[in-house]
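So the chains spell out like this:
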Amino acid sequence: MIVPLSHALILAAILFGLGVFCAVARRNLIMIVLGIEIMLNSASIAFVAAALRWQNLEGQTFVLFILAVAATEVSVGLAIIVYAFKRTGSFDPGNYSMLK
Amino acid sequence: MNWMIAAPEIFYFAAALWFLMLSFFSKPDARREHLSSLLLASLGVLVCLASVGSQGYIFIQAFTADIFSQVFKVLLSLGLFLIIALCGNLPDVGERRIQDFYFLLFTCTLAMMLLVSAGHLLSIFVSLEVSSYSLYILVSLRKNQDFGLEAGIKYFLVGTFASGVMLFGMALLYSSSGTTYLGDMARVLPGMIDQPVVVIGLVLTLGGFFFKLAVFPFHFWAPDAYQGASNQVAAYIATVSKVAAVAVIARVVAYAGQESTYFVHVLVILSVASMTVGNLAAIAQKDLKRLLAFSTIAHSGYILIGILALNPTGWSGTIFYALALLAMKFTAFLVVVELAPEGQNLQINDLAGLHRRSPLLALALMVSLFSLAGIPPTIGFTGKFLVFVAAIERGYIALVIIAMINVVISLYYYLLVIRAAYLLEPSIELPALKPSMPIKLLAGISTGVIVAAGFFPYPLIRVAQAAAQVLLVGR
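Residues numbered from 1 in each chain as written. Chains lettered and ligands numbered in written order. Predicted model: local features only at pLDDT ≥ 70, side-chain atom pairs only at ≥ 80, totals over all residues.

Engineer: Explain the overall build of chain A to me, please; I cannot follow it from the model alone.
Structural biologist: What chain A contains, in helices and strands, is three helices and zero strands. Secondary structure elements of chain A, listed N to C terminal, follow the sequence α-α-α. A compact globule built from 100 residues would reach a C-alpha radius of gyration of about 13 Å, whereas chain A, at 17 Å, exceeds it by more than 25%. Expressed as a percentage of the 100 residues in chain A, the buried residues total 31%. Taking as baseline every contact in chain A between residues at least 6 positions apart, the subset at least 24 positions apart corresponds to 48%. (Helix = DSSP H or I, 4+ residues; strand = E, 2+ residues; numbered from the N terminus. Rg over C-alpha atoms; globule rule 2.2 N^0.38 Å. Buried ≥ 20, exposed ≤ 12 C-beta atoms within 10 Å, placed from the backbone. Contact = placed C-beta atoms within 7 Å.)

Structure follows, in structure tokens:
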């Protein structure tokens, strides 16, 4: 393997941090879901790199499942968000503060 | 391969499919659906009881049946049955959605059963996601759309964030250990537990489970989800979902996290933070379900004490506590459901005059809240006693003292609720409540179980000890 595992892990960690920042700091429901998606993909990168490092296929298998779960996340999440948009006309999470 | 060891899962899968097919091909009928789901759930309890002794592996150990998982499956099936018994009147779920409601309940329970049996990171991940996604939709299903929608959005966002964190933790664990089986991890990880990558990976992985249990940094969803979801769904989240979370955390910590001081320190901090935050925030609550949500957060702190003790006493105490939580929270939510026939949210002041409107429900509420506070002789006291003893055995005196102080704080807000039910007079005279016969029976039995298990806990403790042996073999 030409690229050492640590480099791939650093890349994954940077992506993970970007995803967390996007999910926490953005004031738009769609962008928050996008940030979470980036977090899932950073985990995928780490899995693929580790699968190469250990020469077994479990990491690759994991990634296939992550793709499926990410698709579920988008379908359920966007369904809820689009419905919320229809009712309130905004993507701002600050509008949802009735429960307290 | 021996498929019979997965008999409970196969049964619940078939039951879920049955409701899915119904929702495709038949007109909804609330009463028929309720009776058939009650029948299926009670059969499910029998199936789980019948397969208590089964042991073995399928799918190359990704699915492991042992006494630990089978005991938890009995608890889960019992919890589902009890919750469905409360669903006789579902004002908060539209008639059109009733089949989907039961479909999701059964799917969620199926996923939790797979979760307590999971022996591989992948099976843990997939079953955790399936149960979470069912719950996101169940929470959003509330007819009062503004509440349901807001709770659904918050629950979904926090939940997927937590699963992203968990996934990254799993990737770190895999990249440092090269294995994804919990059994292999129990062999490999103790040698490398002091590497920062491993500790970070372990803590992040547990983050996903802590979300299910509503432990401190991942607790934000709980009050909103409880308040926004319909009463029955909130009851389901407070009982069944917590039992599954306790099981998976106990197993993963027991297998992977032995004898690491850093790791135990992290758990101690989380435990103290979640019980303190839960108890202090609960004092200020006016909404009864929100108060119960914060009390759940506090209880997850107590449960963590049993888990971080990392000794057999602690594990059996944890298992006993899960059972106690099921009984106590169910009884409290039974009263909530019965007091809100239109499915509205109850304020604490709405309880005024309850002891005259329905003495039985008032008694059930009082016993369950005393048990939640940990007053002897109730099942809640025994549970707390067991986990505290386990922590003292390991020398965590300070932790136990902090927990004791928290118990005293929690007594204050539980007593406020009991005062509302017994001493406050309603401003307008309210009609007496007439709970149906099965509900009366259920309230009587669950109250009786809480008290009886406080006096005679030994049979249950013995079951918990037998189940805890499995975690010991893991080392």
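Still more ground to cover, so stick around.
Engineer: Hey, could you run me through the overall build of chain B in this one?
Structural biologist: Of the regular secondary structure elements, chain B holds 19 helices and two strands. Against the 2.2 N^0.38 benchmark of 23 Å for 475 residues, chain B shows a C-alpha radius of gyration of 21 Å, consistent with a compact globule. Structurally, chain B occupies a C-alpha span of about 70 × 55 × 40 Å along its principal axes. Here chain B holds 475 residues, and the buried ones make up 61% of them.

Engineer: Just to check I follow, could you spell out the interface of chain B and chain A for this structure?
Structural biologist: By a frequent convention, interface size equals the accessible area lost on bringing the separate parts together. The partner chain A presents 36 residues to the 32 residues of chain B that form the contact. Going through the elements one at a time, helix 5 (121-140), helix 6 (145-177) and helix 9 (221-228) of chain B are the ones with two or more residues in the side of chain B that touches chain A. Element by element, the count of residues in the side of chain B that touches chain A is highest for helix 6 of chain B, at 19 residues. Across the side of chain B that touches chain A, the residue classes tally to 18 nonpolar, 10 polar and four charged. (Nonpolar A, V, L, I, M, F, W, Y, C, P; charged D, E, K, R; others polar.)

Engineer: Even after reading the chapter, I still don't get unusual backbone geometry, so can you show me in this structure?
Structural biologist: Of all residues except glycine, most have a negative phi; of all peptide bonds, most are trans. Residues and elements named next belong to chain B. Between Pro376 and the following residue, Pro377, the backbone shows a cis peptide bond with an omega angle of 0°. The backbone phi angle of Ala214 is positive, close to 60°, even though this residue is not glycine. Structurally, Ala214 is set in the loop between helix 8 (196-213) and helix 9. Judged by C-beta crowding, with 29 C-beta atoms within 10 Å, Ala214 ranks as buried. You will see that Leu310, though not glycine, has its phi angle at about 55°, which is positive. Considering the arrangement of structural elements, one finds Leu310 in the loop between helix 12 (288-308) and helix 13 (312-339).

Engineer: Got a minute to help me understand the environment of Phe103 of chain B in this structure?
Structural biologist: All names here are of chain B. As for its placement among the helices and strands, Phe103 is situated in helix 4 (residues 98-117). Classification of Phe103 as buried rests on a count of 24 C-beta atoms within 10 Å. Those residues in contact with Phe103 that sit more than four places away from it in its chain are Ala16, Phe19, Leu20 and Ser23.

Engineer: Would you mind showing me how to read helix 7 (residues 182-192) of chain B here?
Structural biologist: Since one α-helical turn is 3.6 residues long, residues separated by three or four positions face the same way. Regarding helix 7 of chain B, the residues found buried are Leu182, Met185, Ala186 and Leu189 of chain B. An end-on view of helix 7 of chain B places all buried positions within 105° of arc, on one side of the element. (Arc of directions from axis to C-beta.)

Engineer: Could you clarify how one ought to interpret the packing of helix 8 of chain B against helix 10 (residues 231-256) of chain B in this entry?
Structural biologist: Each pair of packed helices can be described by the angle between their axes along with the distance between the axes. All names here are of chain B. Their axes nearest at 8 Å, the elements helix 8 and helix 10 cross at an angle of 160°. In terms of their interaxial angle, helix 8 and helix 10 are classed as roughly antiparallel. Viewed along their axes, helix 8 and helix 10 form a crossing whose handedness is left-handed. Of helix 10, the residues touching helix 8 (which contributes Leu202, Leu206, Phe209, Lys212 and Leu213) are Ser241, Lys242, Ala245, Val246, Val248, Ile249, Val252 and Ala256. Taken together, the residues of the contact of helix 8 with helix 10 sort by class into 10 nonpolar, one polar and two charged. (Axes fitted to C-alpha atoms, helices over the stretch in contact; angles between N-to-C directions. Parallel < 35°, antiparallel > 145°, perpendicular 65-115°, else oblique. Left-handed = near helix turned anticlockwise from the far one by under 90°.)

Engineer: For this particular structure, what's the right way to read the nonpolar core?
Structural biologist: One recurring pattern in soluble globular proteins: nonpolar side chains tend to sit buried together. Among the nonpolar cores identified, the biggest contains 215 residues, and Ala171 and Ile249 of chain B are the most heavily contacted of them. Every residue in contact with Ala171 of chain B, bar those within four places of it in the chain, is listed here: Ala12, Ala43, Ala46, Phe47 and Ala50 of chain A. (Core = buried A, V, L, I, M, F, W, Y, C linked by C-beta atoms within 7 Å.)

Engineer: I keep staring at the confidence of the model for chain B and nothing clicks. Help me out?
Structural biologist: In regions of low pLDDT, the predicted coordinates are not meant to be interpreted in detail. A residue-level look at chain B finds 98% of positions with pLDDT of 70 or above and a mean pLDDT of 89. Listed scores for the predicted complex are pTM 0.92 and ipTM 0.95. (pLDDT = per-residue confidence, 0-100.)

Engineer: I tried to follow helix 5 of chain B on my own but got confused; where do I start?
Structural biologist: When the terminal C-alpha atoms of helix 5 of chain B are compared, their 29 Å separation across 20 residues agrees well with the 28 Å that a helix rising 1.5 Å per residue should span. Within helix 5 of chain B, 18 of the 20 residues are buried, which leaves the element mostly enclosed by the surrounding structure. (Expected span 1.5 Å × (residues − 1).)

Engineer: Explanation requested: the packing of helix 4 of chain B against helix 5 of chain B in the structure shown.
Structural biologist: Residues and elements named next belong to chain B. Where helix 4 meets helix 5, the closest approach of the two axes is 8 Å, and the angle between their N-to-C directions is 155°. Relative to helix 5, the element helix 4 is oriented roughly antiparallel. Helix 4 and helix 5 meet at a crossing whose hand is left-handed. Seen from helix 4, the contacting residues are Leu104, Thr107, Cys108, Ala111, Met112, Leu114 and Leu115; seen from helix 5, they are Ser123, Ile124, Ser127, Leu128, Val130, Ser131, Ser134, Leu135, Ile137 and Leu138.

Engineer: Which parts of the structure should I look at to understand the environment of Ala50 of chain A?
Structural biologist: All names here are of chain A. Note that Ala50 resides in helix 2 (residues 29-54). A count of 27 C-beta atoms within 10 Å places Ala50 in the buried class. Placed 29 residues apart in sequence, Ala50 and Phe21 show a C-alpha to C-alpha distance of 25 Å.

Engineer: How do you make sense of the environment of Ala245 of chain B when you look at a structure like this?
Structural biologist: Residue and element names in this part refer to chain B. Mapping Ala245 onto the fold places it in helix 10. A sequence separation of 131 residues divides Ala245 from Pro376, and the C-alpha atoms of the two residues are 26 Å apart. If near-sequence neighbours (up to four positions away) are discounted, Ala245 is found in contact with Phe209, Lys212 and Leu213.

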